[in-house]
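Structural features, examined
For reference, the chains in residue letters:
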Amino acid sequence: MNPSVGVVIPTRGHRPDTLRSAALAVLGQDYPGTVEVVIVVDRGDPIQVTDQMADLMSGQALTAGWEQPFSRSAWVMANRLSPGLPGTRNTGIAALGTDLVAFCDDDDQWLPGKISAQVAALEAEPDAEFSSCAIEVEYGSRRVPRLAGTHLITRQHLVRSRMAMVHSSTFLFRRGALWVDESAPNGQNEDWDLALRAAARHPIVHVDRPLVRVRWGGSAYVTRWADRIAGLQWMLARHPDLAVDPRGAARIYGQLAFHHAALGQRWEAGRWAWRAFAARRGEPRAPIALAVATGLVSARAMLGLLHHRGHGI
């Protein structure tokens, strides 16, 4: 028996085209088992989203496009827990009765074979609870693969590096094993926190080929500088070992320096840049933050350059 898979797609309902693309890519997976999609609307109108996705709810979009012999279903519901991304995800988890749960953001797209590959990886590791896969970052006309270089991701991997390929839209895990922490400030770093907690229980089983297309450039999260600062401080308080590994600590301190610089807070930017240098002299985010703080380049322009190469700050 193939385990059933439930997929939570959080949305605010303000980008129906990418939402539709995300849902169709999930429903069109060639996985020989049950796939259920729940679209959870946060601070939007579930009725409007239901109307926009009516043919998906009835299965008409699938039967019109290709023969789909496997069990597929989709429905829309409102977020019933705390406003924001963590509560939206948890609402979806609670609504599902499937063996496995997966996440997909409403502006991302699963590639063919994603579910089958990750389920097979989980089944090959009897004690495994959580799986991820590599991604393909799309920014403008460019697509850049991001690979992990390993098939098992430990907590130490995630402490040393955020590992962009361990992205929320790649998550597939056993239902009931984990929930998203709703105390994450404005939803910042809730996915990193979840991955760290999962890896502490058992190494994450990783399929190291791009099976999710992650679209950068359309999210407002990345430029909410104050929220990003709060999210990193929340992570340092919640996971003290993040400050122990010199490379991982320098990365976080460099990010804090950059976000403060983006807010025009030069003194704070300089303080965190110095801490980044002290932790690891080769940390590249420290000089980048200082360049932003001194006005040599804007924070948005620097992010654009990094995103063009498939990287973030």
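Note that the structure is a prediction, hence the values are computed from the model and not measured. (Residues numbered from 1 in each chain as written. Predicted model: local features only at pLDDT ≥ 70, side-chain atom pairs only at ≥ 80, totals over all residues. Heavy atoms only, no water.)

Here we take up the packing of aromatic side chains. The geometry of an aromatic ring pair is captured by the separation of the ring centres together with the interplanar angle, meaning the angle of the planes. Scanning all chains against the criterion turns up six aromatic pairs. Geometrically, the ring pair formed by Phe 103 and Phe 171 is tilted, given 6.3 Å between the ring centres and 45 degrees between the ring planes. Here Phe 171 lies in the loop between α7 (155-160) and β9 (172-174) and Phe 103 lies in strand β4 (residues 100-103), a separation of 68 residues in the sequence. When its relative accessible area of 0% is taken as the criterion, Phe 103 is described as buried. Phe 171 sits in the buried class, given a relative accessible area of 0%. Measuring from centroid to centroid gives 5.9 Å for Trp 225 and Phe 258, while their planes differ by 70 degrees, and the two rings are edge-to-face. With a gap of 33 residues between them, Trp 225 in helix α9 (residues 225-238) and Phe 258 in helix α10 (residues 246-262) connect regions that are remote in the sequence. A relative accessible area of 10% places Trp 225 in the buried class. (Phe/Tyr/Trp six-rings, centres within 6.5 Å; stacked < 30°, edge-to-face > 60°. Helix = DSSP H or I, 4+ residues; strand = E, 2+ residues; numbered from the N terminus. Buried < 20%, exposed > 50% of the residue type's maximum accessible area, 1.4 Å probe, protein only.)

Moving on to the side chain of Asp 105. Positionally, Asp 105 belongs in the loop between β4 and β5 (109-110). In this structure Asp 105 comes out as buried when scored by relative accessible area, which is 16%. Looking at Asp 105, its side chain comes within polar contact range of the side chain of Arg 89, at 3.4 Å. Filtering out sequence-adjacent residues up to four positions away, Asp 105 remains in contact with Ile 9, Pro 10, Ala 22, Arg 89, His 167, Ser 168 and Ser 169. (Polar contact = N/O pair within 3.5 Å; in protein donor to acceptor, adjacent residues only side chain to side chain. Contact = heavy atoms within 4.5 Å.)

What follows concerns the pairing of strand β6 (residues 130-139). Here β6 lies mainly inside the structure; nine of its ten residues are buried. As paired strands, β6 and β9 are joined by two bridges and run antiparallel to one another. Note on β9: the bridge partner recorded for Ser 131 is Leu 172. Both β6 and strand β10 (residues 204-215) contribute to a ladder of eight bridges, which runs parallel. (Pairing = 2+ DSSP bridges.)

For the rest of this paragraph, the subject is the pattern of salt bridges. Enumeration according to the criterion identifies 21 salt bridges in this entry. Residue Glu 129 pairs with Arg 201 through a salt bridge whose shortest N-O separation is 2.7 Å. Of this pair, Glu 129 sits in the loop between α6 (114-124) and β6 while Arg 201 sits in helix α8 (residues 190-201); the two residues are 72 residues apart in sequence, bridging distant segments of the chain. Judged by its relative accessible area of 47%, Arg 201 is partly exposed. Linking Asp 241 and Arg 155 is a salt bridge whose minimum nitrogen-to-oxygen distance equals 3.0 Å. Remark: Arg 155 occurs in helix α7 and Asp 241 occurs in the loop between α9 and α10; sequence separation between them is 86 residues. Residue class for Asp 241 comes out partly exposed when judged on its relative accessible area of 27%. One connected set of salt bridges, linked through shared partners, spans Glu 136, Glu 138, Arg 143, Arg 213 and Arg 215. (Salt bridge = Lys/Arg side-chain N within 4 Å of Asp/Glu carboxyl O.)

This part is about the packing of α10 against helix α11 (residues 266-279). Taken N-terminus to C-terminus, the directions of α10 and α11 make an angle of 165 degrees; their axes are 8 Å apart at the nearest point. The angle between α10 and α11 falls in the class roughly antiparallel. Considering how the two elements wind past one another, α10 and α11 form a crossing that is left-handed. Along its contact with α10, which presents Pro 246, Ala 250, Tyr 253, Gly 254, Leu 256, Ala 257, His 260 and Ala 261, the element α11 presents Glu 268, Ala 269, Trp 272, Ala 273, Arg 275, Ala 276 and Ala 279. Taken together, the residues of the contact of α10 with α11 sort by class into eleven nonpolar, two polar and two charged. (Axes fitted to C-alpha atoms, helices over the stretch in contact; angles between N-to-C directions. Parallel < 35°, antiparallel > 145°, perpendicular 65-115°, else oblique. Left-handed = near helix turned anticlockwise from the far one by under 90°. Nonpolar A, V, L, I, M, F, W, Y, C, P; charged D, E, K, R; others polar.)

One finds Val 7, Phe 103, Trp 110, Leu 158, Val 166 and Phe 258 to be the most contacted residues of the largest nonpolar core, which totals 94 residues. Among the elements that take part in this core, α10 stands out by supplying seven residues, more than any other. Residue contacts for Phe 103: discarding those within four places in its chain leaves Val 8, Arg 89, Ile 93, Trp 110, Ser 168, Ser 169, Thr 170, Phe 171, Phe 173, Val 180 and Leu 194. (Core = buried A, V, L, I, M, F, W, Y, C linked by side-chain atoms within 4.5 Å.)

Once that is clear, we can look at the packing of α11 against helix α12 (residues 285-293). The angle between the axes and the distance between the axes are what describe a pair of packed helices. Their axes nearest at 9 Å, the elements α11 and α12 cross at an angle of 165 degrees. Put simply, α11 runs roughly antiparallel to α12. Along this stretch, α11 crosses α12, giving a crossing that reads as left-handed. Residues Arg 266, Ala 269, Gly 270, Ala 273, Ala 276 and Phe 277 of α11 touch α12, and the partners they reach there are Ala 286, Pro 287, Leu 290 and Ala 293. For the contact of α11 with α12, the per-class residue count stands at eight nonpolar, one polar and one charged.

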